Amino acid sequence: MRFDVISLFPAMFAALQHGITGRAFTQGLAELVLWNPRDYAINAHGQVDDRPYGGGPGMLMRYEPLAAAIQAARSAAPGGQVLYLSPQGEPFTQNAARQFAQCDSLILLAGRYEGIDERLLTTQVDTVWSVGDYVVSGGELPAMLIIDSIIRLLPGALGHTESARQDSFSTELLDHPHYTRPAVIADQAVPDILLSGDHARIRRWRLQQALGRTWQQRPDLIQQCTLSDEEQTLLAEFISNTTKSP
Ligand code: 9WO
């Protein structure tokens, strides 16, 4: 899968050259191509921004350099959907990552300054995505989050351990607690079940913890889940034990 990213700060994307994403690039499972709007500036001074019509603080990214960079990316990766990262976008979810993981290529536009000319959104951008209800300094970190979440879903990207972990439980649930040596830290012991060696019971305990945590911390997510009979039983037991305990 090919990712084309339009950004004034291409060096930021070196962060993706590590770990699972770095290995995916090395293995040829994914490709990252960066396009700098500064290379398509409107003048010899490298200008890519301008003052907003109607006044107001800050600068906006001008249409021409971004449109030229998008066109260059489209020419290199025909058919790639153009995504813009903004707090105004649709909340990005694991399901969106799953859908995008089916694509051959994506073009991501990372904004800076106070934003981009609206005519880019109406003529060049296909979909707008938010990674959370907060504003950061640019679209680069959101773009990297989205690229990372998609690469993890590409066949072969996760090693056996990680993919086994992903397959073991629904990824719609929050994670169960994890423990490793030592067995006791500051009088806090590892739950006995995890030391029992009974893998069937351990699987059920982990599933119940994931269900319970999701019910407690993200009831909106649990509402969206279609729970199996086993999951419904485990969650009911968790709720009963939680509401019973003083
Ligand atoms: C800035 C802003 C300020 C107040 C209310 C809404 C706002 N949206 C933006 C905006 O889209 N800014 C552009 C992209 C240019 C400046 C840096 N950008 C940005 C993208 N900041 N935060 C994001 C972002 C993207 C996706 N998910 C969360 C935040």
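Residues numbered from 1 in each chain as written. Predicted model: local features only at pLDDT ≥ 70, side-chain atom pairs only at ≥ 80, totals over all residues. Heavy atoms only, no water.

With that settled, the discussion passes to the side chain of threonine 214. For threonine 214, the position within the fold is in helix H7 (residues 199–217). Apart from the residues lying within four places of it in its own chain, the contact partners of threonine 214 are Leu173, Leu174, Pro219, Leu221 and Ile222. (Helix = DSSP H or I, 4+ residues; strand = E, 2+ residues; numbered from the N terminus. Contact = heavy atoms within 4.5 Å.)

So, on to the domain arrangement of the protein. By a widespread convention, an interface's size corresponds to the accessible area lost as its parts come together. Considered domain by domain, the protein is made up of domain 1 (2–151) and domain 2 (171–243). Domain 1 and domain 2 are separated by 38 Å when their C-alpha centres are compared. (Domains from an automatic or database assignment.)

The next thing to look at is the environment of leucine 85. Assignment of secondary structure puts leucine 85 in strand E5 (residues 81–91). By relative accessible area, which is 6% here, leucine 85 ends up buried. Sequence separation of leucine 85 and aspartate 133 is 48 residues, and the distance between their C-alpha atoms is 12 Å. With residues up to four places along the chain from it excluded, the contact list for leucine 85 reads Leu108, Leu109, Trp129, Gly139, Pro142, Ala143 and Ile146. (Buried < 20%, exposed > 50% of the residue type's maximum accessible area, 1.4 Å probe, protein only.)

A full pass over the atoms with the stated rule returns 8 salt bridges. For glutamate 64, the salt bridge goes to arginine 62, with nearest N and O atoms at 2.5 Å. By relative accessible area, arginine 62 is classed as partly exposed at 24%. For arginine 98, the salt bridge goes to glutamate 172, with nearest N and O atoms at 3.1 Å. (Salt bridge = Lys/Arg side-chain N within 4 Å of Asp/Glu carboxyl O.)

Right, let's talk about the nonpolar core for a bit. In this structure, Phe3, Leu108, Ile147, Ile150 and Ile151 are the most contacted members of the largest nonpolar core, which totals 27 residues. Among the elements that take part in this core, helix H5 (residues 140–151) stands out by supplying 6 residues, more than any other. Not counting residues up to four positions away in its chain, the partners in contact with leucine 108 are Phe3, Asp4, Val5, Ile6, Leu83, Leu85, Ala143, Ile146 and Ile147. (Core = buried A, V, L, I, M, F, W, Y, C linked by side-chain atoms within 4.5 Å.)

A separate point is the site of the ligand. Taken together, 21 residues sit near the ligand, with Arg112, Tyr113, Val131, Tyr134 and Val136 positioned nearest. Here glutamine 88 contributes a side-chain N or O atom positioned 3.3 Å from a nitrogen atom of the ligand. One nitrogen or oxygen atom from the main chain of valine 131 is found 2.8 Å from a nitrogen atom belonging to the ligand. Here the ligand, which alone exposes 590 Å², has 81% of that area covered by the protein. Of all the elements in the fold, those that place two or more residues in the shell around the ligand are E5 and strand E7 (127–130). Counting residues per element, the shell around the ligand draws most heavily on E5, which supplies 5 residues. Split into classes, the residues belonging to the shell around the ligand amount to 10 nonpolar, 9 polar and 2 charged. (Near = heavy atom within 4 Å. Polar contact = N/O pair within 3.5 Å; in protein donor to acceptor, adjacent residues only side chain to side chain. Areas by Shrake-Rupley, 256 points an atom, 1.4 Å probe, with all protein chains shown as cover. Nonpolar A, V, L, I, M, F, W, Y, C, P; charged D, E, K, R; others polar.)

As a further point, take the packing of aromatic side chains. Summed over the entire model, instances satisfying the criterion amount to 4 aromatic pairs. Ring centres of phenylalanine 92 and phenylalanine 100 lie 6.3 Å apart, and the angle between their planes is 5°; on these two criteria the pair is classed as stacked. The exposure class of phenylalanine 92 is buried, given its relative accessible area of 18%. Every member of this aromatic cluster is reached through a ring pair, and the members are Phe92, Phe100 and Trp129. (Phe/Tyr/Trp six-rings, centres within 6.5 Å; stacked < 30°, edge-to-face > 60°.)

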